[in-house]
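# Summary of structural features
Listed below are the residues making up each chain.
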Amino acid sequence: MDIVVIMDPAAKVKWFGDTSFALMLSAQDRGHRVFHCLIGDVSLVERRVRARIRPAMMTDEVHPPIELGDPIEVDLGAVDVVLVRVDPPFDPRYLALTLMLEHLRGHTLIVNDPRGLREANEKLYACHFPELMPPTVVTANRDLLLEFARQHDGAVLKPLSGHGGGRGVVALQPGDRNERAIVDQMTDRGRRQVMAQKFLDAVYEGDERIVLLDGEPLGVLLRTPTSGDFRANIGVGGTVTLVEMTDLHRRIAESMSQRLRADGLWFVGIDVIGGRLSEVNVTNPTGIRHLARLTGTRPDHAVIEWIENTVS
């Protein structure tokens, strides 16, 4: 197959934990041709999606892990697969990319589906499954947010869009002398909605990342925060260990699988704290390299094999 990966610059890739690199390396190992592409390399020319792509050669544990060849111009309708692996934020250029990729529908497999990417704000999408979530409110109203924090003896405030990795996430404790200032800053003085969720003490034990492929769990990682922080994201220093998959993990995945498939969200990472669904990561879900290292298996091969079977 010809696989085009639309992602960030190859120079940003860190081989140790980068899922995009893992998928590219696996595709190469399985005999496929892999190409690198930036958002700015994609064009729509009279309803044909064209891209300036570069052949990619992956080498494990070597710097740089990805070497790129000379650029070529291709019609993306003639390739087998497009992987959309651009880091958040979901900004105007990302939106434009998904709208252009719509013209590939019926011609090329896109993972994840561009319509699903637009539908699935990584905070708000979880609200399709309220029975799985902790108490949650989305609002720009200061009084409502302060009352919510008082009602639940603490809340976590999250921006609805951003760079991911736990950035911009703050804890709101009732009675904090800065509580009004925190809310005003987060909401831009009532002009921007944020998500507030009940603060779960279980977060200090870590949050669980369940990696899903076509609605089925590939494995579960426990991300534990550093001392003095409640955020367990790897990007802010959280450590990663493997946990055994439980019936609860399977029930959560099963409850979400039908909706995920309907939206074309084939490769997803969901975050669970204390048994409650926190977020659904669809733009650039991670965890494959850590799963592979901790289990001695190749979940990256499972993803590429699923792509092979889907294309064929």
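Residues numbered from 1 in each chain as written. Predicted model: local features only at pLDDT ≥ 70, side-chain atom pairs only at ≥ 80, totals over all residues. Heavy atoms only, no water.

## Some details on helix H1 (residues 19-29)
Counting buried residues along H1, nine of its 11 residues qualify, which places the element largely inside the surrounding structure. If you check which residues of H1 are buried, you get Thr-19, Ser-20, Phe-21, Ala-22, Leu-23, Met-24, Leu-25, Ser-26 and Ala-27. Residue Asp-18 occupies the N-cap position of H1, its side-chain oxygen lying 3.0 Å from the main-chain nitrogen of Ser-20. The first or second residue beyond H1 is Gly-31, which carries a positive phi of 90°. (Buried < 20%, exposed > 50% of the residue type's maximum accessible area, 1.4 Å probe, protein only. Helix = DSSP H or I, 4+ residues; strand = E, 2+ residues; numbered from the N terminus. Polar contact = N/O pair within 3.5 Å; in protein donor to acceptor, adjacent residues only side chain to side chain.)

## Regarding the nonpolar core
One finds Ile-6, Leu-76 and Val-280 to be the most contacted residues of the largest nonpolar core, which totals 42 residues. Among residues more than four places away in sequence, those in contact with Ile-6 are Cys-37, Leu-38, Ile-39, Val-42, Val-82, Leu-83, Val-84, Arg-85, Val-86, Leu-97 and Leu-101. Core analysis: the next-biggest nonpolar cluster, separate from the first, contains 31 residues, Ile-3, Leu-23, Val-81 and Leu-221 among them. (Core = buried A, V, L, I, M, F, W, Y, C linked by side-chain atoms within 4.5 Å. Contact = heavy atoms within 4.5 Å.)

## Here's the deal with the packing of aromatic side chains
Summed over all chains, the structure comprises five aromatic pairs. With a centroid separation of 5.8 Å and 50° between ring planes, the pair formed by Phe-199 and Tyr-204 is classed as tilted. Assessed through its relative accessible area of 49%, Tyr-204 is described here as partly exposed. Ring geometry for Trp-266 against Trp-306: centres 5.5 Å apart, planes inclined by 40°, an arrangement best described as tilted. (Phe/Tyr/Trp six-rings, centres within 6.5 Å; stacked < 30°, edge-to-face > 60°.)

## As for the sheet that holds strand S9 (residues 136-139)
Strand order in the open sheet formed by four strands is S9-S12-S10-S11, with antiparallel pairing between adjacent strands. What marks the edges here is a single partner per strand, and that holds for S9 and strand S11 (170-172). The mean angle between the axes of side-by-side strands here comes to 25°, regardless of whether they run parallel or antiparallel. Of the strands in this sheet, S9, strand S10 (155-159), S11 and strand S12 (194-198) are in contact with helix H4 (residues 142-151), which crosses S9 at around 165°. (Pairing = 2+ DSSP bridges. Axes fitted to C-alpha atoms, helices over the stretch in contact; angles between N-to-C directions.)

## As for the environment of Phe-90
Along the chain, Phe-90 falls in the loop between strand S7 (81-85) and helix H2 (92-101). When the C-alpha atoms of Phe-90 and Gly-162 are compared, they prove to be 7.3 Å apart, with 72 residues separating the residues in sequence. With near-sequence residues (within four places) excluded, Phe-90 lies in contact with Leu-95, Thr-98, Leu-117, Arg-118 and Thr-283.

## What about the pairing of S7?
Most of S7 is tucked away, with five of its five residues classed as buried. Side chains Val-81, Leu-83 and Arg-85 project from S7 onto one buried face, and the interleaved Val-82 and Val-84 project onto a second face that is buried too. In the sheet, strand S1 (residues 2-7) pairs with S7 via five bridges, with the strands oriented parallel. Across the sheet, Ile-3 pairs through a bridge with Val-81, a residue of S7. Direction of pairing for S7 relative to strand S8 (residues 109-111): parallel, over a ladder of three bridges.

## Some points on unusual backbone geometry
The step from Pro-88 to Pro-89 runs through a cis peptide bond, and the omega angle for that step is 20°. Along the chain, Pro-89 falls in the loop between S7 and H2. Positive phi is not limited to glycine here, since Arg-47 has a value of about 70°. By the secondary structure assignment, Arg-47 is in the loop between strand S3 (42-45) and strand S4 (48-58). Positive phi, close to 55°, is recorded for Asp-153, a residue that is not glycine. Tracing the chain through its elements places Asp-153 in the loop between H4 and S10. Of the residues examined, Asp-153 reaches a relative accessible area of 60% and is grouped as exposed.

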